[in-house]
Structure formats: structure tokens, C-alpha cells
Amino acid sequence: MKFFIDTANLAQIREANEMGVLDGVTTNPSLMAKENIRGEEACRRHYLEICSIVDGPVSAEVIATDFEGMVREGEELAALHPNIVVKLPCTADGIRAVKYFSKKGIRTNCTLVFSVGQALLAAKAGATYVSPFVGRLDDISEDGVGLVAHIVQMYRYYEFPTFVLAASIRHTQHIIQCLDAGADVATCPLAAIKGLLKHPLTDSGLAQFLADHAKVNA
Ligand code: G3P
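Nothing here was measured: the structure is a model prediction, and the numbers come from that model. (Residues numbered from 1 in each chain as written. Predicted model: local features only at pLDDT ≥ 70, side-chain atom pairs only at ≥ 80, totals over all residues. Heavy atoms only, no water.)

K.L.:
What's the story with the site of the ligand in this structure? I'm lost.
P.N.:
In the neighbourhood of the ligand, the contacting residues comprise D6, N28, K87, F133, R136, A167, S168 and R170. Here D6 contributes a side-chain N or O atom positioned 2.5 Å from an oxygen atom of the ligand. When isolated, the ligand has an accessible area of 300 Å², and the protein chains bury 82% of it. Its residues assigned to classes, the shell around the ligand shows two nonpolar, two polar and four charged. (Near = heavy atom within 4 Å. Polar contact = N/O pair within 3.5 Å; in protein donor to acceptor, adjacent residues only side chain to side chain. Areas by Shrake-Rupley, 256 points an atom, 1.4 Å probe, with all protein chains shown as cover. Nonpolar A, V, L, I, M, F, W, Y, C, P; charged D, E, K, R; others polar.)

Next comes the structure, spelled out in C-alpha cells:
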């Protein structure tokens, strides 16, 4: 399973990258706004900065909602850096744009996916990644991880090459559940990734090792 970090915050991206376990980055317009990045030029510079930190796929989302606008924006984003993946919403125009970029060999991430039917269309259009939103489904009492498992099963059965990228991961347990569900990638907040490290027996075991070492080396 690959780990992407789901943020546009450069300090967090650097920290995750320095852990040595980061495979890529996903962003969205809300995450860019959270970093107060305004205007197309600033967005482009920011994506390039991210690409200079992480050697892996970096999803950059289009703002346009019509096919022509998505194509125009997506082509500009893809031309920025070879690691850019064009992120497109799972709408009729978005699926059409996924197909357009797929034919051109440009990688896409089909986002805002909340059903297996949407994931089917994304795969048929040739999406590189499909992003089911786990946390947002859980928020409305649906089963986010269940959707990830359903998509994985469907893609394997029909041999679709689209990678299942579990998104809207809110906590560490979501990562483990998506791992069990067979997700190819989990895109996570830094805190959820760091949560994987935590175990009280590691802390107490290390404290004991150091205490024993200190006793004989006093
Ligand atoms: O990758 C999509 C993700 O950022 C959405 O997460 O927490 O806003 O539902 P969230």
C-alpha cells in the first residue's frame, strides 16, 4: 500500500517526506485555500514547490466544471511537472475529461467518488486513480471503508488497472481498515500517518532498554 499525504502544507509535506515513507501528495482547492494560496500563478508555484520536495505523484485539481475548461486547466497543470496528476471531479464532464487525458497518456485522479457506480465510470474512462471519500461517507452514517472494499473487489474482478486511492482519511484506524480492504493507496493527514507509530509497549520497552543500559554504564 502506498502512502500519499493529503495536504498543501509544505512543512507537513517535508516532515512526512523526511520520514522516508511518503509516495506522493494529493491536494484539493480547499487544502490550497487553507494555505492561503491565491491566484493561478501562486498555485502553479506551489505545485512546483511540492514537486521539488516529493518524488512521486502530486494530484492537482482543476477548478473548471465544464469539459473544455477542465481540458485547458488540466493540460496546463500536466505541463508543469512530470509528477503532476490531473485531479478531476466525478461528473459527466469530469469523466469525459478523464477519457480525454487517458487517451493522451496523462495521468488522472477521479475525485469526489461516493459510489461503486461512479468508480466504474472512472475506471472505464481510464482514470489512473479513483478517490472514494471514506470520512465523508462515515460522516453521513454510510460505510466509507465498505465502499473502498467494494471498488477493490469490482476492479479486481474486471481487471481494471485503475488504482483505488482511499481519500478523506480522518484517522489512523481508517488507514488500517483501508489496508485490509485492499486499497492501493491511502492519502492521509500527517497526524494519521504518525499515529501508525504509536504503541505504549514501544515507549515502555524503549524506556526499559535505556534504563538498563544506563545502570551498567553509570
Ligand atoms: O482527498 C480528499 C480529502 O482531502 C477530503 O478529505 O477530510 O475534507 O473529507 P475531508
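K.L.:
How should I be thinking about the packing of aromatic side chains in this particular structure?
P.N.:
The geometry of two aromatic rings is summed up by the distance between their centres and the angle between their planes. Tallied over the entire structure, the rule returns eight aromatic pairs. On the numbers, 6.1 Å between centres and 85° between planes, the contact of F67 with Y100 is edge-to-face. Of the two residues, F67 is situated in helix α4 (residues 67-80) and Y100 in helix α5 (residues 92-103); the sequence distance between them amounts to 33 residues. Residue class for F67 comes out buried when judged on its relative accessible area of 11%. Ring geometry for F114 versus F133: centroids 5.5 Å apart, planes at 65°, classification edge-to-face. Taken together, the positions of F114 in the loop between β5 (108-113) and α6 (116-125) and F133 in the loop between β6 (129-132) and α7 (134-139) put the pair 19 residues apart, joining distant regions of the chain. Judged by its relative accessible area of 30%, F114 falls in the partly exposed class. Taking the relative accessible area as the measure of exposure, F133 reaches 7% and is therefore buried. Taken together, the aromatic side chains of Y155, Y157, Y158 and F160 make up a single cluster linked through ring pairs. (Phe/Tyr/Trp six-rings, centres within 6.5 Å; stacked < 30°, edge-to-face > 60°. Helix = DSSP H or I, 4+ residues; strand = E, 2+ residues; numbered from the N terminus. Buried < 20%, exposed > 50% of the residue type's maximum accessible area, 1.4 Å probe, protein only.)

K.L.:
I tried to follow the packing of helix α3 (residues 40-53) against α4 on my own but got confused; where do I start?
P.N.:
Helix-helix packing: each pair is described by the crossing angle between the helix axes and the interaxial distance. Direction vectors running N to C along α3 and α4 enclose 40°, while the axes themselves pass 10 Å from each other. Looking at the two axes, α3 sits oblique to α4. For the element pair α3 and α4, the recorded crossing hand is right-handed. For the pair α3 and α4, the contacting residues are E40, R44, Y47 and L48 in the first and E76, L77 and L80 in the second. Its residues assigned to classes, the contact of α3 with α4 shows four nonpolar, no polar and three charged. (Axes fitted to C-alpha atoms, helices over the stretch in contact; angles between N-to-C directions. Parallel < 35°, antiparallel > 145°, perpendicular 65-115°, else oblique. Left-handed = near helix turned anticlockwise from the far one by under 90°. Contact = heavy atoms within 4.5 Å.)

K.L.:
Please explain the environment of G126 as it appears in this structure.
P.N.:
Among the structural elements, G126 can be located in the loop between α6 and β6. Classification of G126 as partly exposed rests on a relative accessible area of 30%. A C-alpha to C-alpha distance of 8.3 Å links G126 and T108, two positions 18 residues apart in sequence. G126 has contacts with V98, S102 and T108, leaving out every residue within four places of it along the chain.

K.L.:
What is the right way to read the UniProt feature "active site" (unreviewed entry) in the chain from this model?
P.N.:
Mapped onto this structure's residue numbering, the UniProt feature "active site" (unreviewed entry) falls at K87. The class of K87 is buried, set by a relative accessible area of 4%. Aside from chain neighbours lying at most four places away, what touches K87 is T26, T27, N28, S59, A60, E61, V62, N109 and T111. (UniProt positions renumbered as here; feature names shortened; annotations may be inferred.)

K.L.:
I'm lost on the state of the cysteines in this one. Help?
P.N.:
Here a disulfide denotes a covalent bond joining the sulfur atom of one cysteine to the sulfur atom of another. Summed over the entire model, instances satisfying the criterion amount to zero disulfides. Here C90 stays free of any disulfide, with the sulfur of C110 as its closest cysteine sulfur at 3.9 Å. Its sulfur unpaired, C178 is 8.2 Å from the next cysteine sulfur, which belongs to C188. The class of C178 is buried, set by a relative accessible area of 0%. (Disulfide = S-S within 2.5 Å.)

K.L.:
Looking at this structure, how should I read the pairing of β5?
P.N.:
Within a regular strand, the side chains alternate between the two sheet faces. Most of β5 sits inside the fold, with five of its six residues counted as buried. For strand β4 (residues 84-89) and β5, the ladder comprises four bridges, and the chain directions are parallel. Bridge pairing links L88 to C110 in β5. Once the chain exits β4 it traverses α5 before rejoining the sheet at β5, and the crossover so formed is right-handed. With three bridges joining them, β5 and β6 adopt parallel strand pairing. (Pairing = 2+ DSSP bridges. Right-handed = clockwise from strand over helix to strand, strands pointing away.)

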